[in-house]
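An overview of the molecular structure
The lines below spell out each chain.
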Amino acid sequence: MKKRVVRFVEKAVAVVAAARGFKSSDLPEIGIELPREKAFGDFSSNIAMQLSGCWKDNPRAIGAALKDELDKEADLARVTIAGPGFINMTLELSCWHRRLQEIMGQGADFARLDYGRGRRVLVEFVSANPTGPLHIGHGRGAAVGDVLARLLKRTGFAVDREYYVNDAGNQMMVLGRSLRWRYLELLGRRQGEIPDGYYRGDYLLEMAKELLANQGAELVAANIDEEDETGIEFFTKLAADDILVGIRDDLDLFGVEFEHWTSEKEFFTSGRVDAALADLKKTEVLYEEEGAVWFASSRFGDEKDRVVVRANGVKTYFASDIAYHREKYERGYDLLIDIWGADHHGYVPRLKAAIEALGNEPESFAAILVQLVSLSRGGTPVAMSTRSGEFVTLEEVVKEVGKDAARYFFLTRRSDSQLEFDLELAKSRNNDNPVYYAQYAHARICSILRKAKEEGLKPNPDKTSFGASLILPEELDIIKKLDNFTALLESAARTLEPHRITYYLDELAAQLHSYYNRNKVITEDLQVSGDRLLLVDTIRQVINICLTLLGVSAPEKM
RNA sequence: GCGCCAGUAGCUCAGCUGGAUAGAGCAACGGACUUCUAAUCCGUAGGUCGAGCGUUCGAGUCGUUCCUGGCGCGCCA
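Residues numbered from 1 in each chain as written. Chains lettered and ligands numbered in written order. Predicted model: local features only at pLDDT ≥ 70, side-chain atom pairs only at ≥ 80, totals over all residues. Heavy atoms only, no water.

As a further point, take the protein's contact with RNA strand B. The immediate surroundings of RNA strand B are formed by 63 residues, with Arg36, Tyr437, Tyr440, Ser447 and Asn519 found nearest. If you look at RNA strand B and keep only atoms within 4 Å of the protein, 66% of those are sugar or phosphate atoms. Arginine 36 places a polar side-chain atom, nitrogen or oxygen, 2.2 Å from a phosphate oxygen of RNA strand B. Within the side chain of serine 44, one N or O atom sits 3.0 Å away from a base nitrogen of RNA strand B. Put simply, the parts of the chain that give the surface near RNA strand B at least two residues each are strand 4 (86-91), helix 6 (170-186), strand 9 (292-295), helix 17 (434-454), helix 19 (485-495) and helix 20 (499-518). Top element by residues in the surface near RNA strand B is helix 17. It accounts for 8 residues. (Near = heavy atom within 4 Å. Polar contact = N/O pair within 3.5 Å; in protein donor to acceptor, adjacent residues only side chain to side chain. Helix = DSSP H or I, 4+ residues; strand = E, 2+ residues; numbered from the N terminus.)

Below, the structure written as structure tokens:
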């Protein structure tokens, strides 16, 4: 609808520009907004103010000239000039009624946009080290990443989700040592507290017990000396594989699926890290100093240069990450989105530098930083640390509060603002939980539709009289809100901010609840009932789309 | 010390590419179920948008300087 109004204004501006002898080529872009105040009409434009500078005339005079042109449009019921020069426009009611019918007619395909024009996007998220179960912080990343992927898909991107398994490096050795220690502990060959720096979560103890039960003591114990690192690789692989299975299960429970699981280790073994470094070397951004190989990331805006190969010959995590992102581009993606914990923000400039050094557009890479989730229980902070084993797992939370509430909760805030997750609050199944509000609206409409069906009524399909009885201000507001959904999705996709869906949904649900309490949908009047059924059914449809985007169920009864 | 993110109602937070009189939920207070689902609704009250300066027709939004909080500044991942 907005685009139609933009065209009206464009046309008017072109006519007036021609009359005043200005070229149509150097006109500013037409901005159309939804005014805050209803009294200002359906749409408003500030174009007169923008033109006043280059046309050397006052905004109200320009506005008046534009108004004369706009008054010729049959679909515009009213055009006024207000304040410093706003052009306020009100559409004919019939336009809104037609729009409602149109939205309903598009069904589940409403707001399926072509904004992305088929560009290929890779959204990489969670990517937690396979050193322990996913905790609540990973849950936030999972929710944001998954919903963002769904959003981009709907707005016209070709999207893949990817989990990068960080199965290389020191941490994996520590994991192996930790499991081996637990195993030896069960055999009575280790006593006391597990050493500092080891992972001490209960899951490793459980794993060790299972290992002992399945494989016995001799199989692996025979060759293990008290002190050396014998068998570490065996334990590492065992632990990592087992944990990864658990991670997949947890994400499955959370409703998150990945198209790809990529292993960091394979980048080393396949020689891709070396190939990436060779590429960088060609562009002369690598140099040696103090025995190490450095990447001159400071030339691309990073605060200092970074080591890619240590003096001991071992390549850094950064080196494999360069290879990883290089490979993403090779796979043909136009846009890379990485979702990281905000504590990794210092890492963004160097990766961006590498991406640029490899000849890619810096704008084709975006890192979304998700702030930490601070955990509390009934208002008391809970410490979280994988190594100490003190944390609440994602699995635990999902099982307690349900997938719907958990996912929704993570999207009630924009990602760069910190989120406090109170376990007591989340676990309590009371009415404070915002997800029920939207779901209830959906169930309520379904209930109305059931009742209508019993009475032989259905949403008005009549192409000539549809919606004509929808004349209440709140009805018009709802239609506008429904119409605005496409713009909302587009802006959410443009800014990569999936939380906007949640807020929109909440507002739409509020409008429905309010409308429901004020008006009866099923009345004596067949025309009115049919039109109102059309209205609420369309609301239901859009709520359904929102909930689907959020990965939250849309119950027909509650 | 440098950098990133945040600072909006008592609390938790929205505020779309700068737009007109700054919003919601919770908490507080007062109302609405013989009615299509009260997991709801309606009303009241609550603000120098951290502070200053600047940019312009116009700033919560942009620039800049401070203040406060979180995080990061490794040849760890």
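Further notes follow.
Once that is clear, we can look at the sheet that holds strand 6 (residues 158-165). Within the open sheet, the 5 strands sit side by side as 7-6-5-11-12. Their pairing is parallel. With one partner strand each, in any of the chains shown, strand 7 (260-263) and strand 12 (365-370) form the two edges of the open sheet. Put simply, the sheet's adjacent strands are angled 25° from each other on average, direction ignored. Of the strand pairs in this sheet, strand 11 (residues 335-341) and strand 12 are connected by 6 bridges, and their pairing is parallel. Paired with isoleucine 337 across the strands is alanine 366, a residue of strand 12. Its contacts with the sheet put helix 12 (residues 317-330) on strand 5 (120-124), strand 6, strand 7, strand 11 and strand 12, and the angle it makes with strand 6 is roughly 160°. Against the sheet, helix 13 (residues 348-357) makes contact with strand 11 and strand 12, and its axis sits at roughly 165° relative to strand 12, the strand it touches most. (Pairing = 2+ DSSP bridges. Axes fitted to C-alpha atoms, helices over the stretch in contact; angles between N-to-C directions. Contact = heavy atoms within 4.5 Å.)

So, on to the domain arrangement of chain A. For chain A, the assigned domains read domain 1 (2-91), domain 2 (120-165 + 257-370), domain 3 (170-251) and domain 4 (431-550). Between the C-alpha centres of domain 1 and domain 2 the distance comes to 46 Å. (Domains from an automatic or database assignment.)

Per the counting criterion, the structure on display carries 23 aromatic pairs. Measuring from ring centre to ring centre gives 6.1 Å for phenylalanine 295 and phenylalanine 318, while their planes differ by 40°; the resulting arrangement is tilted. Pair noted here: phenylalanine 295 is in strand 9 and phenylalanine 318 is in helix 12, with a separation of 23 residues, a long-range link. Each member of the pair phenylalanine 295 and phenylalanine 318 is classed as buried. Pairing phenylalanine 485 with tyrosine 504 gives two aromatic rings, centres 5.0 Å apart and planes at 35°, and the pair type is tilted. Here phenylalanine 485 is found in helix 19, whereas its partner tyrosine 504 is found in helix 20, with 19 residues between them in sequence. Just as phenylalanine 485 is buried, tyrosine 504 falls in that class too. (Phe/Tyr/Trp six-rings, centres within 6.5 Å; stacked < 30°, edge-to-face > 60°. Buried < 20%, exposed > 50% of the residue type's maximum accessible area, 1.4 Å probe, protein only.)

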